[in-house]
Each structure stands twice: as C-alpha cells, then as structure tokens.
Amino acid sequence: MTTRINSGHHHAVRSGGRWIRLAGFPLGLLVTAALGACDAGSAGDDAPATGSASPPSSGAEPSARADEAALAAYRGMWQAYAKAGLTANPQEPELGRYATDQALATLTAGLTKLRKDGQVIKGEYESAPRVVSASPSTGPVTVSVQDCLDTTGFLTYEAATGDLVNDTPGGNRAVRATVVRDDGVWKVSSFGAQAVGTC
C-alpha cells in the first residue's frame, strides 16, 4: 500500500515494502552535527539483538511490537523533517513527536540554518531502515536502527526565487539511530550519518 501526502509535492510511503520515499532534505547540513553522535555504535555494525536478563517492567512491549514501534518513530522523524523542510520551519510540532535529545537538536539546527540562509528543501530520498539490536531482549526500551539513506535526489532551493542552490549528486549514506521508549512513547534520541558511499 502506498500513502501519498500533498504538501507541495508527494511524500510516498510504501507500507510493508523495503523503500520509503519521502521529500528530500539537505543531509549535508546534518552530517557534521550527527557524524559519530549516535550512541548505538558505528553504522557498519550488524549486531544481533542483545540485552540484560532482567524481567521487563510492568507494561513492557513484546520485542516484535517494540521493533515495529521504533521503526515507525524513525520513519516518522524523517517525515516530520521533510514536512518542516518545505518551509524551513524548526518549530514544526511533528519533530518533537518523533525525536528527542540529540536527534531533535540536530534536526532543528539544520532547519534553523536553512531558514537563516533563506533556503528550503525539495526532492526525494530513499530509506530502508531495519532493527539491528534491542535492549533488554525482553520488553525492550532501547532499539538500534540501521538505515541506508539514498540522498541522490535531495535538492536545496532559494525560498524567494525557487532557484536551485545545490545540484551536487548525493548518494547512499549509512545511518545508525537509537530509538528509546519514554513513558510509553517511542522517539529517536540520536542518530549518526556517515559519508556518501558507506552503504
């Protein structure tokens, strides 16, 4: 199933498929801030799910449900950023719904810079996130997500004129994100984006 959202152009999300196509964003603005900031380990790691043997707290989610919720939060974060990028709005309410801590700070910093420079973002990127670890193994509260983000189609434009700012091709970047469960709500707390060609 494909969901399309109108906001100047389409954001196409394919449920149950490998790729999610969303409005593009200037990932280059985020790489410096995010590089190495993800506390889940390097993007190249592919560790199995691990965790302590302690019993889950009351109301803990089964692992499969936690994985699904963490991936939904990760996808939601980029959807919110894509929406905010159309107007370079660092105050977009949806950002705080899906991101917190370092992740939220990095995204809002990128949007703030765009607005200061009088620029917006359009285009598409492709995302293929998957869960690579969860802790604890029973009733996880922290999930590590690995992604290969294709930024080939992202474009930055002058807000006032619509002129293209940067048409330098992007490429596939390895991304690692940490998603945490806080008061029953899953949010991305940190992420790290690697250079083009890392996945």
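Cut-off values and rules
- Residues numbered from 1 in each chain as written.
- Predicted model: local features only at pLDDT ≥ 70, side-chain atom pairs only at ≥ 80, totals over all residues.
- Heavy atoms only, no water.
- Helix = DSSP H or I, 4+ residues; strand = E, 2+ residues; numbered from the N terminus.
- Buried < 20%, exposed > 50% of the residue type's maximum accessible area, 1.4 Å probe, protein only.
- Contact = heavy atoms within 4.5 Å.
- Disulfide = S-S within 2.5 Å.
- Core = buried A, V, L, I, M, F, W, Y, C linked by side-chain atoms within 4.5 Å.
- Salt bridge = Lys/Arg side-chain N within 4 Å of Asp/Glu carboxyl O.
- pLDDT = per-residue confidence, 0-100.
- Pairing = 2+ DSSP bridges.
- Polar contact = N/O pair within 3.5 Å; in protein donor to acceptor, adjacent residues only side chain to side chain.

### Structural notes on the overall build of the protein chain
Step number 1: A count of helices and strands for the protein chain gives four helices and 10 strands.
Step number 2: When the helices and strands of the protein chain are read in sequence order from the N terminus, they spell out β-β-β-α-α-α-α-β-β-β-β-β-β-β.
Step number 3: Among the 199 residues that make up the protein chain, the fraction classed as buried is 43%.
Step number 4: For the protein chain, contacts bridging at least 24 residues in sequence account for 69% of all contacts bridging at least 6.

### A look at the state of the cysteines
Step number 1: Within this structure, the stated rule accounts for one disulfide.
Step number 2: Note on cysteine connectivity: Cys 148 is disulfide-linked to Cys 199, with sulfurs 2.1 Å apart. Judged by the torsion about the S-S bond (85 degrees), the Cys 148/Cys 199 disulfide is right-handed. With a gap of 51 residues between them, Cys 148 in strand 6 (residues 142-150) and Cys 199 in the segment after strand 10 (185-196) connect regions that are remote in the sequence.
Step number 3: Classification of Cys 148 as buried rests on a relative accessible area of 15%.
Step number 4: Assessed through its relative accessible area of 38%, Cys 199 is described here as partly exposed.

### Here we look at the nonpolar core
Step number 1: In terms of nonpolar packing, the biggest core is built from 31 residues, with Tyr 74, Met 77, Trp 78, Leu 107 and Phe 191 touching the most fellow members.
Step number 2: Of all elements in the fold, only helix 2 (63-85), helix 3 (93-98), helix 4 (101-116), strand 4 (119-127), strand 6, strand 9 (172-182) and strand 10 reach the threshold of two or more residues within this core.
Step number 3: Here the element with the most residues in this core is helix 2; it accounts for 10 residues.

### Looking at the pattern of salt bridges
Step number 1: Inspection of every chain in the model, using the stated rule, returns three salt bridges.
Step number 2: Of the charged contacts in the structure, one is a salt bridge between Lys 113 and Asp 117, with a shortest N-O distance of 2.8 Å.
Step number 3: Look at Lys 113 and you get partly exposed, because its relative accessible area is 41%.

### Here's the deal with the environment of Thr 151
Step number 1: Turning to its location among the elements, Thr 151 is positioned in the loop between strand 6 and strand 7 (154-158).
Step number 2: According to the relative accessible area criterion, Thr 151 is buried, its value standing at 1%.

### Side note on the confidence of the model for the protein chain
Step number 1: Scored by pLDDT, the protein chain has a mean of 75; 67% of the residues are at 70 or more.
Step number 2: Note on residues 1-25: pLDDT under 50 across the span, and 71 contacts to partners over four residues away in sequence or across chains.

### Some details on the pairing of strand 10
Step number 1: Pairing between strand 9 and strand 10: nine bridges, direction antiparallel. Following the sheet pairing, Arg 176 is matched in strand 10 by Gly 192.
Step number 2: Following strand 9, the chain reverses through two residues before pairing antiparallel with strand 10; Asp 183 in that reversal takes a positive phi of roughly 55 degrees.

### Considerations on the side chain of Asp 150
Step number 1: Its place among the elements puts Asp 150 in strand 6.
Step number 2: Here the side chain of Asp 150 touches Thr 152 through a polar contact of 2.5 Å, side chain to side chain.
Step number 3: Those residues within four positions of Asp 150 in sequence are excluded, and the remaining contacts are Tyr 125, Glu 126, Gly 171 and Asn 172.

### Comments concerning the pairing of strand 9
Step number 1: Here strand 9 lies mainly inside the structure; eight of its 11 residues are buried.
Step number 2: Examined bridge by bridge, strand 6 and strand 9 share nine bridges and lie antiparallel to one another. If you follow Cys 148 over to strand 9, its bridge partner there is Ala 174.

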